[in-house]
Every structure is written in C-alpha cells, then in structure tokens.
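# Structural overview
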Amino acid sequence: MSDQQAQKQAAAKAALNYVEDGMILGVGTGSTVNCLIELLPTVKLAGAVASSQVTEDKLRALGIEIVDLNFAGTLDIYIDGADEVNEHLQLIKGGGGALTREKIVAAASNKFICMVDESKSVEILGREFPVPIEVLPQARSYVARQLVSLGGEPVYREDFVTDYGNVILDTYDLDVSNPIELEKTLNNIVGVVCNGIFAANQADVLLKASSDGVTTLTR
C-alpha cells in the first residue's frame, strides 16, 4: 500500500468518528470517500444522501438505504474529500465531476467535514489543479470565451457528462487568490451551473492526514 493510500484510509477512519447510529449521512465522491464507504457498515445509518451516482451505487451495494435530499431535510453532517484545500478550509472540488451535487449536499448539511491526504494542502488554490466548471452544453463555447476573458484557460473534459447531463470545463490559470469573489464571478456567467470553488460554504472541519497522523482543523 502506498503512503498516500494509507493517509486516505487514516483520514477516513478519523471521519468515521463523527458518524453516529441513526444518522442520515451525506456522502461525497472520490478515492478518499471510497475508503470511508468501506467503513460505513460498522455504523447503523438510517440512510445516506449520495453526492453522485457512483457513490449511490457503492452505498446500495453495501445495503445502505439511499434517501432523496428533498425528503431528508437538513443533514447533520456531510463528509467528502477535496482536490485542493487552503489554510482557510476553502476548497477546489470536482475532479470527479460531481461538484454540483456535492455543493448542494454540503449546503444542506449542518457540518461539512473534509478529509484529505497531505498532498491536497496548498497555500493558494488553483495554481496546480484547475477549477472544474459545470456548464450547460449549449453554452459551452460562450462560457469558455468568458473564462478566457478572466485570464483562464478552459479545457473541455472530453467523453464526460455529469449526472445532470452537463459538460465540464477544467479551467487553468485563473486567479484564485480571492476564492469567495471568484466563486461568485464564475457562477454569474450565464450558462454556468456551478463551479468547483467551495469558499462561500467551505469546510467546517478539515481532517488532514500525513505520515505523522491526522490533524484536525476547524473554522
């Protein structure tokens, strides 16, 4: 097992401590979340709200009941990973393409717990990892031109469609030094469904795993 995989498993184990019997749990998407999903049968959940079809399928395979967010109401906690996280617990997410559903479930939860390995920790968001932006198919070209005008370099994620039938523009070279403002600016572009900057509703708890163990940060 690689050191990075061991860190992901350690972060998942730390996140499991926040999960209680009888909860309806919001569950994210990605490789670190997969480590958590494997541990969930040890808890007696009332159900789970999944942030993607992939996660939903994995939960069903373990016999965990899937609950529609419209009927679940406000969730106690949502647990997910991130592609990048800064010291303010602001994130870039969407490498797996589930950013819109992830942002919805996170917003509908009282507490957002993010679990990462140390490679995801950065000083400034967006310098290494692009900002994924979910776009209505008809608006792809228009949105791309607007992103270029903001200094970005949008790359169409080929052969990928989101759970909502939309496309992704992975956008490099955006200035993410003010994540809250850029998140608003991107969302105001006509045709943008959602973007992968989680700053207006950043993580409440960050579980960051390293070779020395798991560090807990809160905002």
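Up top is the structure these notes are about.
An account of the accompanying structure is given in this report.

Cut-offs applied
- Residues numbered from 1 in each chain as written.
- Predicted model: local features only at pLDDT ≥ 70, side-chain atom pairs only at ≥ 80, totals over all residues.
- Heavy atoms only, no water.
- Core = buried A, V, L, I, M, F, W, Y, C linked by side-chain atoms within 4.5 Å.
- Buried < 20%, exposed > 50% of the residue type's maximum accessible area, 1.4 Å probe, protein only.
- Helix = DSSP H or I, 4+ residues; strand = E, 2+ residues; numbered from the N terminus.
- Contact = heavy atoms within 4.5 Å.
- Phe/Tyr/Trp six-rings, centres within 6.5 Å; stacked < 30°, edge-to-face > 60°.
- Lys NZ or Arg CZ within 6 Å of the ring centre and 35° of its normal.
- Pairing = 2+ DSSP bridges.
- Axes fitted to C-alpha atoms, helices over the stretch in contact; angles between N-to-C directions.

Among the nonpolar cores identified, the biggest contains 28 residues, and Val19, Leu40, Leu59, Ile79 and Met115 are the most heavily contacted of them. Taken together, the elements giving at least two residues each to this core come down to α1 (3–16), β1 (24–27), α2 (31–39), β2 (47–50), β3 (75–80), β6 (109–117) and β12 (205–210). It is α1 that provides the largest number of residues to this core, a total of five residues. In contact with Val19, not counting residues within four places along its chain, are Leu25, Val43, Leu45, Ile77 and Ile79. By size, the runner-up hydrophobic cluster in this structure holds 20 residues, among which are Val122, Ala139, Leu174 and Leu182.

It is worth spelling out the side chain of Arg101 at this point. Turning to its location among the elements, Arg101 is positioned in helix α5 (residues 99–107). Assessed through its relative accessible area of 16%, Arg101 is described here as buried. Discounting residues that sit within four places of it in the chain, Arg101 has contacts with Ala50, Ser51, Ser52, Gln53, Glu56, Asp163 and Tyr164.

On to the packing of aromatic side chains, then. If you walk through the whole model with that rule in mind, you get two aromatic pairs. Taken together, a centroid distance of 5.3 Å and an interplanar angle of 45° make the contact between Tyr78 and Phe112 tilted. Within this pair, whereas Tyr78 is found in strand β3, its partner Phe112 is found in strand β6, the two being separated by 34 residues in sequence. Like Tyr78, the residue Phe112 is buried in the burial classification. Between Phe112 and Phe198, the aromatic rings sit 6.4 Å apart at their centres with planes inclined by 55°, giving tilted as the arrangement. A residue pair is termed long-range when its members are at least 10 positions apart, and Phe112 in strand β6 and Phe198 in strand β11 (residues 197–198) qualify at 86 residues. One exposure class covers both Phe112 and Phe198, and it is buried. Taken together, Tyr78, Phe112 and Phe198 form an aromatic cluster joined through their ring pairs. Positioned above the aromatic ring of Phe198 is the side chain of Lys103, whose terminal nitrogen or guanidinium carbon lies 4.9 Å from the ring centre. One cation-aromatic arrangement involves Arg157 over Phe160; the distance from NZ or CZ to the ring centre is 5.2 Å.

Spatial ordering of the open sheet is given by β2-β1-β3-β6-β12-β13, a layout of six strands whose pairing is mixed. For this open sheet the edge positions go to β2 and β13 (213–218), each flanked by a neighbour on one side alone. Mean inter-strand twist for the sheet, computed between neighbouring axes without regard to direction, equals 20°. The pairing of β12 with β13 spans six bridges and is classified as antiparallel. Considered in β13, the bridge of Leu207 is made with Thr216. In this fold helix α3 (residues 53–61) packs onto β1 and β2, with an angle of close to 160° to the strand it touches most, β2. α5 contacts β1, β2, β3 and β6 of the sheet and is inclined by roughly 145° relative to β3.

Honestly, that's just the spatial picture; any functional story needs more than this.
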